[in-house]
Amino acid sequence: MHEHTLLVTSTAESTGKTAITLALGRLAQAREKRVGYMKPKGTRLQSNVGKTLDEDPMLARELLGLDSEMHQMEPIVYSPTFIDGAIRGQEDPDELGAIVEERYAELAADADLMLVEGGGSWTTGGIVDLTDPEVADRLDAEVLLVAEYEQPGDLDDVLAAADAFGDRLAGVLFNRVADAAFDELEQEGVPFLEGRGVPVVGVVSRERELAGVTVDALAAELGADDLVSGDRDAYVERFLVGAMGGDAALRYFRRTKNAAVITGGDRSEIVTAALEAPGVNAIILTGGHRPTPAVLGKAEEKGVPVMLVTGDTLSVVDRAEAVVNTGRARDAETIDRMSELLNDHADVESLIGGTGNEPDTEGDAGDDAGA
């Protein structure tokens, strides 16, 4: 019988759940624990239709050296097609819950530690009674809640999730905390939460290499044509769609950082506004149109990369977001670095148990990943 189960969930999408889950798995394996993994609701799909598989279980199987079958690791493909069917009454929540429990039992039979990764945010799955609190109850799992922090108001989401999980909550792990917010969180936010009975197991600072992709890598993945090269080493973490007037766009763009603006190439006023915003690190143009030479000259002057990508704006947004989201946890090197961060800044033992030798993350990575 396995020792225990840990469900890793989050307050929002794209908080680093996958990297943290797999890093905990690697740390447990370094302590000679047999690790199992499942993601009951496959949400990070390569397609919006059909039986397309989530990329996270496939990565887990590779990096943790597992031989589990995909139908065990991902019993529910939580696609738009599935959601539409569930709303129309084509899915039975009790049957789905029973399937999750059955697949879990198969995987847990040979594991000391079962890692269960949530899908999307902790509320995902409500339409079939499989939110992460409900999954945790079905699997009798402890819960690690991953959250990001930029301002005190972000603690509202943490408290709401903590209340939903109740006594199952093993702790909150804050991930990718910017330097500007780090001291405030540690000195004020963490004591506040713990005073409310919410345990905090770690605070991990933002590392640029784990928070996005370079403009150069993004351009390569999108097959973009360079109009202005600019700073190719700049990082992109999020995307903004330019679909408003120039003045409104400028106000919008100025409220973000490490962003790429995606807009039609014929929207010169949007491109101009983007060039005025210090947090915009790249401009992606769609529709086959090129801006005027004057606009491109301004981009050249400011060193902002401008690239032309085939397809309409919405399809390019989907492709670009997939590049950034999957780029965060796609290789052994990323998981190794997260393992180091968790070892240094989180109470790993309380999450995975055991007091084995400190892991040699560099040495173990190549073996586990088949490198």
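**Student:** Is there a simple way to think about the pattern of salt bridges in this case?
**Tutor:** Pairs may arise between side chains of opposite charge once their charged atoms sit close together. For the structure on display, the rule yields 15 salt bridges. Across the pair Lys41 and Asp132 runs a salt bridge, and its minimum N-O distance is 2.9 Å. Of this pair, Lys41 sits in strand β3 (residues 41-42) while Asp132 is found in helix α6 (residues 132-139), placing the two residues 91 residues apart along the sequence. Taking relative accessible area as the criterion, Asp132 reaches 2% and is therefore assigned buried. Among the ionic pairs, Arg176 bridges to Glu148, the shortest N-O distance being 2.6 Å. Of the two residues, Arg176 is situated in strand β7 (residues 169-177) and Glu148 in the loop between β6 (142-147) and α7 (155-165); the sequence distance between them amounts to 28 residues. Residues joined in a network through salt bridges with shared partners are Glu102, Arg103 and Glu106.

**Student:** Looking at this structure, I do not really get the packing of aromatic side chains. What am I missing?
**Tutor:** Given two aromatic rings, their pairing is described by the distance between the two centres and the angle made by the two planes. Within this structure, the stated rule accounts for three aromatic pairs. Judged by centre distance (5.5 Å) and plane angle (45°), the rings of Tyr78 and Phe82 are tilted. Judged by its relative accessible area of 11%, Phe82 falls in the buried class. Judged by centre distance (6.2 Å) and plane angle (85°), the rings of Tyr149 and Phe174 are edge-to-face. Pair noted here: Tyr149 is in the loop between β6 and α7 and Phe174 is in strand β7, with a separation of 25 residues, a long-range link. Since its relative accessible area comes to 3%, Tyr149 is described here as buried. Judged by relative accessible area, which is 0%, Phe174 ranks as buried.

**Student:** Teacher, can you tell me more about the environment of Ala60 here?
**Tutor:** On the secondary structure map, Ala60 appears in helix α2 (residues 55-63). On the basis of relative accessibility, which here comes to 0%, the residue Ala60 falls in the buried class. For the pair formed by Ala60 and Leu22, sequence separation is 38 residues and the distance between their alpha carbons is 6.5 Å. Leaving out residues up to four positions away in the same chain, Ala60 has contacts with Leu22, Tyr37, Gly65, Leu66 and Met73.

**Student:** Quick question: what am I supposed to make of helix α1 (residues 17-30) here?
**Tutor:** For an α-helix the count is 3.6 residues per turn, leaving residues at separations of three or four pointing the same way. With 14 residues, α1 extends 20 Å from end C-alpha to end C-alpha; this agrees with the ideal 20 Å at 1.5 Å per step. With 12 of its 14 residues buried, α1 lies for the most part within the structure. All buried positions along α1 are accounted for by Lys17, Thr18, Ala19, Ile20, Thr21, Leu22, Ala23, Leu24, Gly25, Arg26, Leu27 and Ala28. Glu32, located one to two residues past α1, shows a positive phi value of around 65°.

**Student:** How should I be thinking about the environment of Tyr149 in this particular structure?
**Tutor:** Sequence separation between Tyr149 and Leu185 is 36 residues; the distance between their C-alpha atoms is 7.6 Å. Those residues in contact with Tyr149, other than ones at most four positions away along the chain, are Asp154, Leu155, Phe174, Val177, Ala181, Glu184 and Leu185. Here the side chain of Tyr149 touches Glu184 through a polar contact of 2.8 Å, side chain to side chain.

**Student:** Whenever I open this one, the pairing of β7 confuses me. Can you help?
**Tutor:** One face of the sheet, then the other: side chains in a regular strand alternate in exactly this way. Most of β7 sits out of view: eight of its nine residues are buried. Where β6 lies against β7, five bridges are found, and the strand directions are parallel. Bridge pairing in β7 links Leu145 to Val172. Considered for its hand, the β-α-β crossover made up of β6, α7 and β7 is right-handed. Inspection of the sheet shows β7 paired to strand β8 (residues 200-205) by four bridges, in the parallel sense. Its bridge partner lying in β8, Val177 is registered against Ser205.

About the cut-offs
Residues numbered from 1 in each chain as written. Predicted model: local features only at pLDDT ≥ 70, side-chain atom pairs only at ≥ 80, totals over all residues. Heavy atoms only, no water. Salt bridge = Lys/Arg side-chain N within 4 Å of Asp/Glu carboxyl O. Helix = DSSP H or I, 4+ residues; strand = E, 2+ residues; numbered from the N terminus. Buried < 20%, exposed > 50% of the residue type's maximum accessible area, 1.4 Å probe, protein only. Phe/Tyr/Trp six-rings, centres within 6.5 Å; stacked < 30°, edge-to-face > 60°. Contact = heavy atoms within 4.5 Å. Expected span 1.5 Å × (residues − 1). Polar contact = N/O pair within 3.5 Å; in protein donor to acceptor, adjacent residues only side chain to side chain. Pairing = 2+ DSSP bridges. Right-handed = clockwise from strand over helix to strand, strands pointing away.

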